[in-house]
Amino acid sequence: MKELPIANQTGLHGTLTVPGDKSISHRAIMIGSIAEGTTTIHHFLRGNDCLSTLQAFRDLGIQIEDNGDTIMVHGMGFAGLHSASHPLDMGNSGTTTRLMMGLLAGSQFTTKLIGDASLSKRPMKRVSEPLKAFGGEIQLTADGTLPATVFGQQLHGAEYELKVASAQVKSALIFAALQAKQSSTIVEKLPTRNHTEIMLRQFGAHIRTVAHKIILVKPGSPLIGREITVPGDMSSAAFFLVAATIVPHSKVTLKGVNLNPTRTGIIDILRQMGAKLTIEERFSTGEPSGDITIESSALRPIHLTAKDIPAVIDELPLVALLAACADGQSTIHGAQELRVKETDRIKTIVAELRKLGVQVKELLDGMVIDGRPSWDVQDPQLESYGDHRLGMMDAIAALKADQPLQLTHADAVAVSYPGFFDDLATLLGGAQNDNSLN
């Protein structure tokens, strides 16, 4: 049980560099492992999920050095992967699991994937079924969950139209397509995060995107190791963007945050709701990044539909929190994907907001939230449900409380942001040294 801090009258102030992007950290290890030569990774996220990816590739025979500052991956191409002596433990990482299925589907050996209790409840047929179009063979439980057995074999090209808007499924198919004998075409339901495509092109893969959602993959080009600097994770930065917005008298700057257009949905929503923020962009040959400054703001309601969801899928708990602080009723529709995250996030978000005194109605695909600037807490015992994003949402919400709140299973935040509570404390103490208050 962790006691959560309440913001004082001076709000949050200061400058932070948030941890490296989780999605990009995963992919840097994966692509570096199947490339030829050494890949050096700076600002790698050492959260539990990304460490699961790192260990999995070590278990597959890849030499990976970690000196605490940089990661060096000594790749030897797809052929450099070797059968593990035991099942690969995915921990709690859905990204590791789903991308690994596509990557291992074209191997010359069989691999078993296992995970923790939470991950073992998450749906995996969404990857195993489309991989069949490429010749992949993956055996799941009768419920379509882990453990999974990936029977590696020669794959063939395919034309496949995705049934769900999922960057994880798309990436798994791209990894499979890279190992096929023929070219492939993958068509997305809606445009999703394109970190896999960007990084693979940096390493030398022949991948083109047409009309924002048609991915053309031409196999045969070797991937060559290179140097990667991981930008700050927008999903981690989002917690402090929201905190500074909803806590009066706050002003915070977040440095070097990933500004990939597929990840800035939370920025668009903050602006639509009336948040005061400015961005100073940095130029890069890979992922764009920049510094974001935000301050406390009065918020308007928001109305999201299915087309808005892919760009904020990880930030939706925070969107719900913003809506709870806005003056009026907000609606979120088309978010049924939240039902199959680390928890059923629609159900758990609704439960936690109700504890805070927020009037919220649960929908099959979202929620209706009656927002107001202040709440009357109904239950001080908040719960992460073992879900890192729910735990951090609760911690940000608690800043506005009029009484001390506690969080159970607070250690879940280490999955994506091990230093979250330390960084939050830094911003809470920052007002003491902020000259703008004098």
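Draft legend 1. Spatial organisation of the nonpolar core. With 79 residues, the main nonpolar core has Leu-12, Leu-316, Leu-321, Leu-353, Ile-396 and Phe-420 as its most contacted residues. Looking at which element gives the most residues to this core, the answer is helix 7 (residues 234-246), with 10 residues. Apart from the residues lying within four places of it in its own chain, the contact partners of Leu-353 are Ala-320, Leu-321, Ala-324, Val-358, Val-360 and Ile-369. Ranked by size, the runner-up nonpolar core spans 65 residues in total, among them Ala-84, Leu-99, Met-199 and Ile-215.

Draft legend 2. Seen up close, the side chain of Lys-170. Its location among the elements puts Lys-170 in helix 5 (residues 167-178). Reaching out from Lys-170, the side chain makes a polar contact with the side chain of Glu-197 at a distance of 2.8 Å. Once residues lying within four places of it in the same chain are set aside, the contact partners of Lys-170 are Leu-162, Glu-188, Thr-192, Arg-193, Asn-194, Glu-197 and Ile-215.

Draft legend 3. Structural context of the sheet that holds strand 20 (residues 359-363). Reading across the sheet, the 4 strands line up as 18-19-21-20 and stay open at both edges, with mixed pairing between neighbours. Each end of this open sheet is capped by a strand with a single partner; those strands are strand 18 (303-304) and strand 20. Summarising the sheet, strand 19 (residues 328-332) and strand 21 (residues 366-371) pair through 5 bridges and their orientation is antiparallel. Bridge pairing in strand 21 links Thr-331 to Val-368. Helix 9 (residues 316-325) contacts strand 18, strand 19 and strand 21 of the sheet and is inclined by roughly 30° relative to strand 21. Lying on the sheet, helix 10 (residues 345-355) is in contact with strand 20 and strand 21; it crosses strand 20 at an angle near 165°.

The rules behind these values
- Residues numbered from 1 in each chain as written.
- Predicted model: local features only at pLDDT ≥ 70, side-chain atom pairs only at ≥ 80, totals over all residues.
- Heavy atoms only, no water.
- Core = buried A, V, L, I, M, F, W, Y, C linked by side-chain atoms within 4.5 Å.
- Buried < 20%, exposed > 50% of the residue type's maximum accessible area, 1.4 Å probe, protein only.
- Helix = DSSP H or I, 4+ residues; strand = E, 2+ residues; numbered from the N terminus.
- Contact = heavy atoms within 4.5 Å.
- Polar contact = N/O pair within 3.5 Å; in protein donor to acceptor, adjacent residues only side chain to side chain.
- Pairing = 2+ DSSP bridges.
- Axes fitted to C-alpha atoms, helices over the stretch in contact; angles between N-to-C directions.

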